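Coordinates in review
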Amino acid sequence: MMGYPDPFSEIDKLRAQLLNNVEVMTTNQPVEEEISNREILTRIENIILGIVTSLSKDEAPVLALPNRSSWANISFDSAIGLQMSSGSSVSTIRSDCPSSVTKFAQILKILSAIYRLVQSNSYATKRDIYYNNTQLFGSQTAVDSIVDDISCMLKVPRRSLHVLATSKGLIAGDLRYMEEDGTRIDCHSSSAAVAVSSNISGIKNIVSSAKFIMIVEKDATFQRLLDDHFCTKLWPCIIITGKGVPDVNSRLMVRKLWDTLHIPIFALVDADPHGIEIMCIYKYGSVAMSFEAHSLTVPSVMWLGLLPSDLQRLRVPKDALIPLTKRDESKLSSLLKRPYLTSQPDWQKEMELMQQTRVKAEIQSLAAIAPDFLTSIYLPNKLHYGGWI
């Protein structure tokens, strides 16, 4: 590794290219600063006013929620990712209909909790809200989904609602910053990672001399990189994992680091449809959260590995490969139909190769070549020679 004349030359070249594109992307900065607490309270008051007006006319109140699960409501912009179209269709939640009356009550309950939080400038977790009335909500996921619905209905970023989600992501490497409450966080130290903050918008004083950020799909691979001192031994870098499908805080953190550092971001995921989909969520966003695309997506993310073509090139042993299931095959063909893939011919080629070979592999399959192949050979070579797409 140390024999390379300049181990960063390809990464530096990529960074220069990305900085050329940055002007285009920074014109689309998130607008959360513009929405004051007073404005949020007014928007909630307007919804309540609508309900009171209906009641005064002896009509059953109805709430209109933008439909967050339909591709028909989504437009694609290569500088932002998937975003909700302005004229998106809505679903109505009626107070006089047995199938939606519970959801109507849940929305009002959470709206009143948000109103109090914003008014008193205090914060609560989604868990706190759930335990406030477990009978009404039934499950934590119902609360999670309604908080997103309200964020979308009020057109307010979720963190401006003063409702925090517990983070599941981990971060490590060449990074120091300060939390909103003044706590100093140092991600360099020890072999233990730092939990991603629950309040990303409050993070300030980010200091890093990292050359790149690497998103790691799985916790097991992330821990392996930590154990092998990947961030200190070879490269000053930052590694982050959302432990599978990323939570919003992990995505906000990647976006925050991109906005602050403007260094290349690579994705290390399994060579399977699920891994590709996870990488696409970081890069282009998801349909359900498309209304917040501006602050969640990082269209500069590059696919570092594990590429389907790597499996052939490295002659990964046959018994480390797994046949695609029917479910994998349908996920793969639906991924290939997504609007963003037309702008990614190299990604398309890799996915078509997976369709042809009908096999997938986990990152751990590289251990079948040699136990330390991932950290000693695969990643150093990929990063040195520009093996990303």
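First things first, this report covers the structure right here in the doc.

Definitions and cut-offs
- Residues numbered from 1 in each chain as written.
- Predicted model: local features only at pLDDT ≥ 70, side-chain atom pairs only at ≥ 80, totals over all residues.
- Heavy atoms only, no water.
- Helix = DSSP H or I, 4+ residues; strand = E, 2+ residues; numbered from the N terminus.
- Buried < 20%, exposed > 50% of the residue type's maximum accessible area, 1.4 Å probe, protein only.
- Contact = heavy atoms within 4.5 Å.
- Pairing = 2+ DSSP bridges.
- Axes fitted to C-alpha atoms, helices over the stretch in contact; angles between N-to-C directions.
- Bend = angle between axes of the 7 residues up to and from the residue.
- Core = buried A, V, L, I, M, F, W, Y, C linked by side-chain atoms within 4.5 Å.
- Phe/Tyr/Trp six-rings, centres within 6.5 Å; stacked < 30°, edge-to-face > 60°.
- Expected span 1.5 Å × (residues − 1).
- Arc of directions from axis to C-beta.

**A look at unusual backbone geometry**
- Of note, the amide linkage connecting Gly-305 to Leu-306 takes the cis form, showing an omega dihedral of -5°.
- Relative to the helices and strands, Leu-306 is located in the loop between β15 (302-305) and α12 (308-313).
- The backbone of Lys-243 sits at a positive phi, close to 55°, despite the residue not being glycine.
- Along the chain, the position of Lys-243 falls in the loop between β13 (237-241) and α9 (248-261).
- With a relative accessible area of 35%, Lys-243 lands in the partly exposed category.

**Digging into the environment of Tyr-282**
- Here Tyr-282 shows up in helix α10 (residues 273-284).
- On the basis of relative accessible area, Tyr-282 is assigned to the buried category, the value being 3%.
- Sequence separation between Tyr-282 and Cys-152 is 130 residues; the distance between their C-alpha atoms is 19 Å.
- Those residues within four positions of Tyr-282 in sequence are excluded, and the remaining contacts are Ile-215, Thr-241, Gly-242, Pro-246, Ser-250, Arg-251, Val-254, Leu-296, Thr-297 and Val-298.

**With respect to the sheet that holds strand β9 (residues 184-186)**
- Taken together, three strands build an open sheet; the order of strands is β9-β8-β11 and the sheet is antiparallel. A single partner strand is all that each edge strand has here, and the edge strands are β9 and β11 (204-207). The average angle at which neighbouring strand axes cross in this sheet is 10°, direction not considered.
- Strand direction decides the pairing type here: strand β8 (residues 176-178) and β11, joined by two bridges, are antiparallel. Across the sheet, residue Arg-176 finds its bridge partner in β11, namely Val-207.

**A look at helix α15 (residues 373-385)**
- Roughly 25° is the biggest bend found in α15, and it falls at Leu-379, with proline Pro-380 one to four residues downstream.
- Within α15 the residues assigned to the buried category are Phe-373, Leu-374, Thr-375, Tyr-378, Leu-379, Pro-380, Lys-382, Leu-383 and His-384.
- Among the residues trailing α15, Gly-386 stands out with phi positive, at a value near 70°.

**Details of the nonpolar core**
- Counting 85 residues, the largest nonpolar core has Ile-171, Met-214, Phe-230, Ile-239, Met-253, Phe-266 and Leu-379 as its most contacted members.
- The greatest single-element share of this core, amounting to seven residues, is contributed by α9.
- The residues contacting Leu-379, other than those within four sequence positions of it, are Met-214, Leu-225, Phe-230, Trp-235, Leu-268, Leu-304 and Leu-374.
- One finds Ile-51, Phe-104, Ile-107 and Ala-124 within the second-largest nonpolar core, a separate group that totals 29 residues.

**Here's the deal with the environment of Ala-320**
- The topology assignment puts Ala-320 in the loop between α12 and β16 (322-323).
- Sequence spacing of Ala-320 and Lys-360 is 40 residues, and the spatial spacing of their C-alpha atoms is 9.2 Å.
- Non-local contacts of Ala-320, meaning those with residues more than four positions away in its chain, are made with Ala-361, Ser-365 and Ala-368.

**What about the sheet that holds β15?**
- Taken in spatial order, the six strands of this open sheet run β10-β7-β13-β12-β14-β15, and their pairing is mixed. This sheet does not close on itself; its edge strands, each paired only once, are β10 (194-195) and β15.
- In terms of strand pairing, strand β12 (residues 212-216) meets strand β14 (residues 265-268) through four bridges, oriented parallel. What sits directly across from Ile-215, in β14, is Ala-267.
- Across the sheet, α9 lies against β7 (170-173), β12, β13 and β14, angled at about 160° from β13, the strand it touches most.

**Focus on the packing of aromatic side chains**
- Enumeration according to the criterion identifies six aromatic pairs in this entry.
- Plain terms: the ring middles of Tyr-284 and Trp-347 are 6.4 Å apart, the flat faces sit at 65° to each other, and that makes the pair edge-to-face. Of this pair, Tyr-284 sits in helix α10 while Trp-347 sits in helix α14 (residues 345-357); the two residues are 63 residues apart in sequence, bridging distant segments of the chain. With respect to burial, Tyr-284 and Trp-347 carry one shared label: buried.
- On the basis of an interplanar angle of 75° and a centroid distance of 5.5 Å, the ring pair of Trp-303 and Trp-347 is categorised as edge-to-face. Separated by 44 residues along the polypeptide, Trp-303 in strand β15 and Trp-347 in helix α14 bring together distant segments of the chain. The residues Trp-303 and Trp-347 share a single accessibility class, namely buried.
- Site record: aromatic cluster; members linked through ring pairs are Tyr-284, Trp-303, Tyr-340 and Trp-347.

**Re α14**
- End to end, α14 covers 18 Å across 13 residues, agreeing with the expected 18 Å (1.5 Å per residue, within 8%).
- If you check which residues of α14 are buried, you get Trp-347, Glu-350, Met-351, Leu-353 and Met-354. All buried residues of α14 lie within an arc of 150° about the axis, which places them on one face of the element. Of the exposed residues in α14, the ones pointing more than 90 degrees away from its buried face are Lys-349 and Gln-356.
- In this structure, the buried residues of α14 make contact with α10, β15, α12, α13 (326-336) and β17 (359-360).
- Arg-358, located one to two residues past α14, shows a positive phi value of around 55°.

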